Amino acid sequence: MAQHGTQIAKVGIFTSGGDAPGMNAALRAAARNLLHEGREVFGIIGGYSGILERNFQPLQSRSLANIIQRGGTILKTARCLEFHRPEVRAQAVHNLREHQIDACIVIGGDGSFAGAQAVWQEHEYPMVGIPATIDNDIFGTDSTIGFDTAINTALEAIDRIRDTATSHDRIFIIEVMGRDSGFIASAVGLAGGAEEVFTPEYPMPVDQLVEKLKSSASKGKKSSIIVAAEGQKPGRAYDLAEQIRKKMGLDPKVCILGHQQRGGPPTAADRILATRMGCAAVQLLTTGQCDVFVGVESGKLVAIPFEAPQRNKKLAPKDYVQLASMLSH
Ligand code: ADP
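Just so it is clear, the structure is predicted and the values come from calculations on it, not from any experiment.

Draft legend 1. View of the pattern of salt bridges. Inspection of the entire model under this criterion finds 14 salt bridges. We note a salt bridge from Glu195 to Lys212, for which the minimum N-O separation is 4.0 Å. Separated by 17 residues along the polypeptide, Glu195 in the loop between helix H6 (183-191) and strand E7 (196-198) and Lys212 in helix H7 (residues 206-218) bring together distant segments of the chain. For the pair formed by Glu195 and Lys212, the shared burial category is buried. A salt bridge links Glu242 to Arg245; its shortest N-O distance comes to 2.9 Å. A residue pair is termed a helical-turn pair when its members lie 3 or 4 positions apart in one helix, as Glu242 and Arg245 do in helix H8 (residues 236-248) at 3 residues.

Draft legend 2. Up close: the domain arrangement of the protein. In terms of domains, the protein is made up of domain 1 (2-146 + 266-311) and domain 2 (149-262). Counting from both sides, the interface comprises 12 residues of domain 1 and, opposite them, 12 residues of domain 2. When the two sides are added together, the surface that domain 1 and domain 2 hide from each other amounts to roughly 1000 Å², 47% of it contributed by carbon and sulfur. Seen at the junction of domain 1 and domain 2, the total is 1 salt bridge. For the side of domain 1 that touches domain 2, the per-class residue count stands at 3 nonpolar, 4 polar and 5 charged.

Draft legend 3. Broad picture of the site of the ligand. Taken together, 15 residues lie near the ligand, and Arg79, Cys80, Gly109, Gly111 and Ser112 sit nearest. Between Gly109 and the ligand, the recorded distance is 3.0 Å, taken from a backbone N or O atom to an oxygen atom. Here an oxygen atom of the ligand sits 2.5 Å away from a polar atom, N or O, in the side chain of Ser112. When each cavity is represented as a set of grid points, the ligand is found to reside in the largest pocket. Residue composition of the shell around the ligand, grouped by class: 4 nonpolar, 8 polar and 3 charged.

Draft legend 4. Structural detail: the sheet that holds strand E4 (residues 103-108). Taken together, 7 strands build an open sheet; the order of strands is E3-E2-E1-E4-E5-E10-E11 and the sheet is mixed. Edge positions in the sheet fall to strand E3 (56-59) and strand E11 (300-305), since each has one partner strand and no second. With direction set aside, neighbouring strand axes in the sheet form an average angle of 30°. Strand direction decides the pairing type here: strand E5 (residues 127-131) and strand E10 (residues 292-297), joined by 2 bridges, are parallel. Residue pairing for E10: Val128 is matched across the bridge by Val292.

Draft legend 5. The arrangement of the layout of surface pockets in detail. Roughly 570 Å³ of volume is contained in the largest pocket. Forming the walls of the largest pocket are 30 residues, and the residues nearest its centre are Gly17, Arg79, Gly111, Ser112 and Arg179. When residues in the lining of the largest pocket are grouped by element, the largest group, 6 residues, is from helix H4 (residues 110-123). Along the lines of polarity and charge, the residues of the lining of the largest pocket split into 10 nonpolar, 11 polar and 9 charged. Counting residues domain by domain, the lining of the largest pocket receives three or more from each of domain 1 (2-146 + 266-311) and domain 2 (149-262). In this model, the second largest pocket occupies a volume close to 190 Å³. Taken together, Asp169, Arg170, Ile171, Leu213, Ala217, Lys221, Lys222, Ser224, Met248, Leu250, Asp251 and Pro252 make up the full set of residues lining the second largest pocket. Classifying every residue of the lining of the second largest pocket gives 6 nonpolar, 1 polar and 5 charged.

Draft legend 6. The arrangement of H8 in detail. An ideal rise of 1.5 Å per residue puts 18 Å on 13 residues; H8 measures up with 18 Å between its terminal C-alpha atoms. Turning to H8, its buried residues number three or more, namely Ala237, Leu240, Ala241 and Ile244. The arc enclosing the buried residues of H8, seen along the axis, measures out at 100°, which places them on a common side. Exposed and facing more than 90 degrees away from the buried side of H8 are Tyr238 and Lys246. For H8, the secondary structure elements touched by its buried residues are strand E6 (171-176), E7, H7, strand E8 (224-229) and strand E9 (253-256). A positive backbone phi angle near 75° is found at Gly249, which sits one or two residues after H8.

Draft legend 7. Main features of the environment of Leu52. Locating Leu52 in the fold gives a position in helix H2 (residues 47-52). With residues up to four places along the chain from it excluded, the contact list for Leu52 reads Cys80, Glu82, Val88, Gln91, Ala92 and Asn95.

Draft legend 8. Up close: the packing of aromatic side chains. Scanning all chains against the criterion turns up 6 aromatic pairs. Pairing Phe293 with Phe306 gives two aromatic rings, centres 6.4 Å apart and planes at 20°, and the pair type is stacked. Taken as a pair, Phe293 in strand E10 and Phe306 in the loop between E11 and helix H10 (308-311) lie far apart in primary sequence, 13 residues in all. These aromatic residues form a ring-pair network of at least three members: Phe14, Tyr48 and Phe83. Here the guanidinium or amino end of Lys314 rests over the ring plane of Phe183, the centre of that ring lying 5.0 Å away.

Conventions and cut-offs
- Residues numbered from 1 in each chain as written.
- Predicted model: local features only at pLDDT ≥ 70, side-chain atom pairs only at ≥ 80, totals over all residues.
- Heavy atoms only, no water.
- Salt bridge = Lys/Arg side-chain N within 4 Å of Asp/Glu carboxyl O.
- Helix = DSSP H or I, 4+ residues; strand = E, 2+ residues; numbered from the N terminus.
- Buried < 20%, exposed > 50% of the residue type's maximum accessible area, 1.4 Å probe, protein only.
- Domains from an automatic or database assignment.
- Contact = heavy atoms within 4.5 Å.
- Buried area = accessible area lost by both parts, 1.4 Å probe.
- Nonpolar A, V, L, I, M, F, W, Y, C, P; charged D, E, K, R; others polar.
- Near = heavy atom within 4 Å.
- Polar contact = N/O pair within 3.5 Å; in protein donor to acceptor, adjacent residues only side chain to side chain.
- 1 Å grid on protein atoms, 1.4 Å probe; cavity = no way out; pocket = protein on both sides within 12 Å on 5 of 7 lines; lining within 4 Å.
- Sits in = over half its atoms within 2 Å of the grid points.
- Pairing = 2+ DSSP bridges.
- Axes fitted to C-alpha atoms, helices over the stretch in contact; angles between N-to-C directions.
- Points joined across faces, edges and corners; volume = space filled by probe spheres on them.
- Expected span 1.5 Å × (residues − 1).
- Arc of directions from axis to C-beta.
- Phe/Tyr/Trp six-rings, centres within 6.5 Å; stacked < 30°, edge-to-face > 60°.
- Lys NZ or Arg CZ within 6 Å of the ring centre and 35° of its normal.

Right, dumping it as structure tokens:
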């Protein structure tokens, strides 16, 4: 951490990595807080690529109107593979300093934070992070911006699918997002009353699922919802369906919820979290802290070192998966 706060007159803000509902609310809060303090704010369009392209847009309070309710990110987002190279990061810092942008706030996931950490370590350029990803898989914070919206979107879809599953006595396998993380699957599995939840963290043999489905069927249960995280291989729900078909002679239907989980207006919980985190990020930056992101621990906002998620993995709650299984009998 360094004492740079008083020298920060111009701040850049960008969104990076996967988009998440509530990114705009975080941008609005951080930018308006900075403007309120008399600092200048630049929106950087397109994440780290925007820094390399010098795509810096001055923001005023009016340019942030009517965005608190919008999903996605008005600043656009991008994945910038070049940023893994030290010479590219040096060019990025050069571009920022050339435009007299003294510090940046990065709204994104742990990949984006790894980039910010490297920038601080190599160039002592101040950066503070705001965690935003629907996957909720950033170690150090209980919640990330976008997760609550994503699980509510997925849950609404699951409730609708249950109506048709029940009417036709069908088994449905519903695949939800979450690369190598089962947070969405375990939350919507529990809230949606799923028969079983498949997560990357707690893999379950298909035979165990088949036995469970047979036992449920013998007790008169004719329809079931199974929730599966996409894992590293989106579409794995089809493999699962094929195995159930072979082992049980049943014909499960597959529904892949996909990118609809990433969009839509943020829930009240995400807007509030984003607004609090946006203002907390400004507070950190202007009191001289950097190389950290804002986290929430038991409802309180805290500063977490960028390196924490690089060193530790945050696992989906095992008890959610166990409870869902136990209560579906
Ligand atoms: P997220 O921030 O949602 O986890 P990514 O992992 O795709 O998304 O990271 C977003 C961007 O952050 C990458 O495209 C890259 O520009 C930058 N980034 C990710 N990891 C690193 C790293 N180890 N070093 C430097 N930059 C990185």
